Structures are given as C-alpha cells and as structure tokens.
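Notes for the structure review
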Amino acid sequence: MAAFLTLAACSSHSPPERTIYLVRHAEKQAGDDPSLTSNGALRAALLAETLRDAGIVRIYSTDYARTRETAAPIAETISVLVTLYDPSDLSAFADQLKDESGITLVVGHSNTTPALVEFLGGEPGTDIDEPAEYDRLYVVRMRKDGIDTELRRYGAPYQP
C-alpha cells in the first residue's frame, strides 16, 4: 500500500502533457500600433478556420492591435476569451505556459514567437523574415518523454 501511495504522489507532480500553438500576428499596416491589412484580416480568419477543431482552451495575445486582431476570429469562433501577456518577460511567460494543461494558442511577433518557442524548449528554426513572413504556425507538444516542435504553414505562402 505504501508503494502505491508513493507512486501516486510522484505521478501527481509530473507536468501535464499539452500542446501550444504559436503564431506571429497577420499582415499589418504601417504605424506605431497598426491594425491588420485586409490580407491580414483574411489570414486571421483562416487561422480561426485552421484551428477551429484543435481543442484550444486558452488564447494569449500581446496588447497590440495587430495581435489582438489576429486572435479575435479564433476567440470568437471557439468562444474563448483572449488573455494579454507581457512580451518583455518571455522566460516567465514560458514558465507559466509550462505549468498549464490543455491546448493553448499564443499570438506574438516576429521576434518574440521564435524566442518563446525556444524558452519552451522547442526548436525555433530560422529567424522570421520580418517584412514578409506571416504564415508560420508552430506546434509545440510538451510530453512526458520530451518536447516535439512542428513548423506548419497556413494561408498565402511566404515567398522568400
């Protein structure tokens, strides 16, 4: 009986398995806090369609128009509120994500999204081409046996 209780206690402290989707905001207009372009709005709608049945239970966005507008269609589609996060402390945010269970979407930026993937223990790949690459969709799966990173593309393809 004591062995069973010890085993149960150990298993209750193991991190939950989870999946985190990470994207950069869609195409943006110019300016200090720009909104999405019409192509960006179309991409955001396509993101919602792409992830509609993914089982997302949490959505995070930075507090910028372009990221909030990218997150809005999927949030509305699946009836999940968007929670804002601070991109200036990605290490702490990654620790928070690691402690949460379930499936999460994070909407960030060309410089924060790959960095967050790395803080999560995933493979960020090459730098995002800031002026042109908006179709990158990371899937980071955190499992008991390790972390798996998949790089997908959605919408109009990036042309280097």
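This write-up is about the structure you can find in this document. (Residues numbered from 1 in each chain as written. Predicted model: local features only at pLDDT ≥ 70, side-chain atom pairs only at ≥ 80, totals over all residues. Heavy atoms only, no water.)

**A word on the sheet that holds strand β4 (residues 102–108)**
Pairing within the open sheet is mixed, and its 6 strands lie in the order β3-β2-β4-β1-β5-β6. The two strands at the open ends of the sheet, each matched to only one other strand, are β3 (82–84) and β6 (146–153). Averaged over all pairs of adjacent strands, the angle between their axes in this sheet comes to 20 degrees, without regard to strand direction. Note that strand β1 (residues 18–24) and strand β5 (residues 136–143) share 6 bridges and pair antiparallel. Directly across from Thr19, in β5, lies its bridge partner Arg141. The sheet strands contacting helix α3 (residues 65–78) are β1, β2 (56–61), β3 and β4, and the helix crosses β2 at an angle near 165 degrees. (Pairing = 2+ DSSP bridges. Helix = DSSP H or I, 4+ residues; strand = E, 2+ residues; numbered from the N terminus. Axes fitted to C-alpha atoms, helices over the stretch in contact; angles between N-to-C directions. Contact = heavy atoms within 4.5 Å.)

**Some words on the nonpolar core**
Nonpolar side chains tend toward joint burial in soluble globular proteins. Counting residues in each nonpolar core, the largest one holds 17 residues, and the members touching the most others are Tyr21, Leu51, Ile59 and Leu105. If we skip the residues at most four places from it in the chain, Leu51 touches Tyr21, Ile56, Ile74, Leu105 and Leu137. Formed by 15 residues, the second largest nonpolar core is a distinct cluster that contains Leu90, Ala94, Leu97 and Tyr138. (Core = buried A, V, L, I, M, F, W, Y, C linked by side-chain atoms within 4.5 Å. Buried < 20%, exposed > 50% of the residue type's maximum accessible area, 1.4 Å probe, protein only.)

**A closer look at α3**
Three or four residues apart is the spacing at which side chains of an α-helix point the same way, because the helix has 3.6 residues per turn. The end-to-end C-alpha separation of α3 is 20 Å, in line with the 20 Å expected for 14 residues at 1.5 Å each. Most pronounced at Ala72, the bend in α3 amounts to some 30 degrees, and the proline Pro73 follows within four residues. Those residues of α3 not exposed but buried are Ala65, Arg66, Thr67, Thr70, Ala71, Ile74 and Ala75. The inward-facing, buried residues of α3 contact β1, α2 (38–51), β2, β3 and β4. With its phi angle positive at about 55 degrees, Ser79 sits one or two positions after the end of α3. (Expected span 1.5 Å × (residues − 1). Bend = angle between axes of the 7 residues up to and from the residue.)

**Topic: α2**
Its 14 residues place the ends of α2 20 Å apart at the C-alpha level, agreeing with the 20 Å of an ideal helix rising 1.5 Å per residue. Packed against the buried residues of α2 are β1, β2, α3, β4 and β5.

**A closer look at the pattern of salt bridges**
Taken as a whole, this structure holds 13 salt bridges when the rule is applied. One salt bridge connects Arg58 with Glu100, and the closest N-O pair in it is separated by 2.9 Å. With a gap of 42 residues between them, Arg58 in strand β2 and Glu100 in the loop between α4 (90–99) and β4 connect regions that are remote in the sequence. The exposure class assigned to Glu100 is buried, which follows from its relative accessible area of 15%. Across the pair Asp63 and Arg68 runs a salt bridge, and its minimum N-O distance is 2.8 Å. For Asp63, a relative accessible area of 46% gives the class partly exposed. (Salt bridge = Lys/Arg side-chain N within 4 Å of Asp/Glu carboxyl O.)

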